[in-house]
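Structural characterization, general
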Amino acid sequence: MLGKKMARHGLAIVATVLLGGLLSATLVRLAPGFDADEAQLDPHLNSESVQALRHQRLEQHNIFRFYFHSLRRAAHGDLGTSLSLGQPVSRLLRERAPLTLRLVGMGLLVSWTVAMALALSAAWLRVSAYDALTTVISGTFLCIPAAVLALLSVLWNVPGALAVALIVFPRVYRYAHNLLAKAYCLPHIITARAKGLSELRILFWHVVPIAGPQLLALAGVSVSIALGAAIPVEALCGLAGVGQLAWQAALARDLPLLTNLTILVTLVTLLANSSADVIGHMLRGEEA
Amino acid sequence: MKLWPTNFWRSSACAVLLLVVGLSLAANWLAPAGYAKQYRDATDASPSPQHWLGTDEIGRDRFARVLYGTRISLLLAPAAALLTTLMAALVGGLGGYLGGAWARGAMAVTDLFLSLPWLFLLITVRAMMPLNVSPLASVLVTFLMLGLLGWTSAARVLCSTAGSLRESDFVRQARASGIRGGRLFWIHVLPNLKPVLYAQFWISIPVFILSEANLGILGLGVAEPMPSWGSLLKELEGLVSVGEEPWKFVPLILLVVVVTAFQLVLSKQAEVAA
């Protein structure tokens, strides 16, 4: 049954990527200026070369043929060439992905640590003033645009990963706080407390099995939030990662690069969500 | 026992929102000049009796721009939220009501859009716009784009609600009485979807305000000289320290106050939407 679930997730990922790819190819094909090719104006080219370039362009007129060619090239690792930077997209990704992965990874680690520490302490203490304080702190960060947090991190000379953490933290905290508060109100947990079980034992034996699968699902979603946060943070902090590349591509109207990046990030997001779902399923020990 | 009753916070938040909306609507009378008027002899000026919040780097009165920018953000974010709600009702509500393959199809489309990262999708669609769009068109395009792309989570909630309504006793009874199709949807299903639709509408507004601000700071939002909270916040990029020119933080403070007020007002709506 677990195999079936994984196969279903795999199929959903492939279908989403193929559909997303078609959508992206359509966007690139219909974007203003697609038919214009500066290379055809190059005086050094002879008429045969210009004719060959025109023929190549004509082949891309059919949207499905264009998509099929793009897909075939992608299957061989060729993601096309960036219009604005004049470099292969795959090379740009190889150069920039490590920084983004570090930034997002560190941001997620810090945000989850802070959010869980606050949510757990609020659930343990059950003091309304402390609960209100943590809610106000997270609520304040929730009301500040991600790009402003990125700008403030530049002003205060704070690492970009902390800005990502501050963007992700309130979203994680809000859900984790609600989940844990609900779990700690369950009758069997109240009974366990009344019987004098230690807080750690209650946490790991009674609360985690209830809230764990949903927290895992939240972990999958938080990857998507962190990747989205990487755009303003990298763009405004001057970090040469995938987020900054996406921003530069958007400003330069470099749609082939931008759509490739969107598909790639979608793939990472889907993988993270599916992994969280499958792990949650395994932990619950359920049969699908 | 709570120090302040919930209603106190909600009423205060409503009062703040009404005040800000009222001030922005009165921009024509309150602002010392239009949002694009340049005082070339007073560029990047500090606050003074003539310019309460100083002027920007090309001499435009910052107070006037904040008032007009607030008006644009606070009028168009609800318009985008309305569009989102209509799209969600169309895809999710109708899909859930029709059930079967329609519901599965609606959810497949919703899942596809949900899996695309929001900010990546926004900047990709924004990048498709030609470079020579007029400022007014850029305002409309930005909020139209937010409205057209932000319907997914609302559609999911509506699909599930409409699906359960379809199986409810009163709808079965209406169907048994011979009421079918559009009439059944219009008279029996839609009125019961209204609380969820209202909740989704109100919840979308602060989300769109923040999204527009993010796009504006990244230079992919409303085009100059039209002001919006996003374009006003772009000024923060040039700051060297926080204490240097604190009046430049007024648009940020206003935005945080308004979004916080929305969150306080919407705490009950969020429960309905869930």
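Look a little higher up for the structure.
Residues numbered from 1 in each chain as written. Chains lettered and ligands numbered in written order. Predicted model: local features only at pLDDT ≥ 70, side-chain atom pairs only at ≥ 80, totals over all residues.

**Some details on the overall build of chain B**
- A count of helices and strands for chain B gives eleven helices and zero strands.
- The helix and strand sequence of chain B, counted from the amino end, reads α-α-α-α-α-α-α-α-α-α-α.
- Here the C-alpha coordinates of chain B stretch approximately 75 × 55 × 30 Å along the principal axes.
- A burial count over chain B gives 42% of its 274 residues as buried.
- Relative to all contacts within chain B whose residues are 6 or more apart in sequence, the contacts with residues 24 or more apart total 69%. (Helix = DSSP H or I, 4+ residues; strand = E, 2+ residues; numbered from the N terminus. Buried ≥ 20, exposed ≤ 12 C-beta atoms within 10 Å, placed from the backbone. Contact = placed C-beta atoms within 7 Å.)

**A look at the environment of Gln38(B)**
Residue and element names in this part refer to chain B.
- With respect to the secondary-structure elements, Gln 38 resides in the loop between α2 (27–30) and α3 (62–98).
- In this structure Gln 38 comes out as partly exposed when scored by C-beta crowding, with 16 C-beta atoms within 10 Å.
- Sequence separation between Gln 38 and Ala 27 is eleven residues; the distance between their C-alpha atoms is 17 Å.
- Ignoring anything within four residues of it in the chain, the contact list for Gln 38 reads Ile 58, Gly 59 and Arg 60.

**Overview of the nonpolar core**
All names here are of chain A.
- Judged by nonpolar contacts, the single largest core of 137 residues is most densely connected at Val 164 and Ala 246.
- Counting residues per element, this core draws most heavily on helix α9 (residues 199–237), at 17 residues.
- For Val 164, the residues in contact, after removing those within four places along its chain, are Leu 103, Val 104, Gly 107, Ala 226, Ala 229, Ala 230 and Val 233. (Core = buried A, V, L, I, M, F, W, Y, C linked by C-beta atoms within 7 Å.)

**Describing the interface of chain B and chain A**
- The interface is formed by 33 residues belonging to chain B together with 36 residues belonging to chain A.
- Residue assignment for the side of chain B that touches chain A shows that the elements contributing at least two residues are α4 (100–115), α5 (118–127), α9 (181–217) and α11 (250–273) of chain B.
- Among the elements that make up the side of chain B that touches chain A, the one with the highest residue count is α5(B) (eight residues).
- In terms of residue class, the side of chain B that touches chain A is made up of 23 nonpolar, seven polar and three charged. (Nonpolar A, V, L, I, M, F, W, Y, C, P; charged D, E, K, R; others polar.)

**Examining the packing of helix α7 (residues 152–166) of chain B against α9(B)**
All names here are of chain B.
- Where α7 contacts α9, the two axes come as close as 10 Å, and the packing angle between them is 165°. What the angle tells us is that α7 and α9 run roughly antiparallel. Classified by chirality, the crossing of α9 by α7 is right-handed. Each of Ala 154, Val 157, Leu 158, Thr 161, Ala 162 and Leu 165 in α7 lies in contact with α9, whose residues at this interface are Val 189, Asn 192, Leu 193, Val 196, Gln 200 and Ser 204.
- Its residues placed into classes, the contact of α7 with α9 shows eight nonpolar, four polar and no charged. (Axes fitted to C-alpha atoms, helices over the stretch in contact; angles between N-to-C directions. Parallel < 35°, antiparallel > 145°, perpendicular 65-115°, else oblique. Left-handed = near helix turned anticlockwise from the far one by under 90°.)

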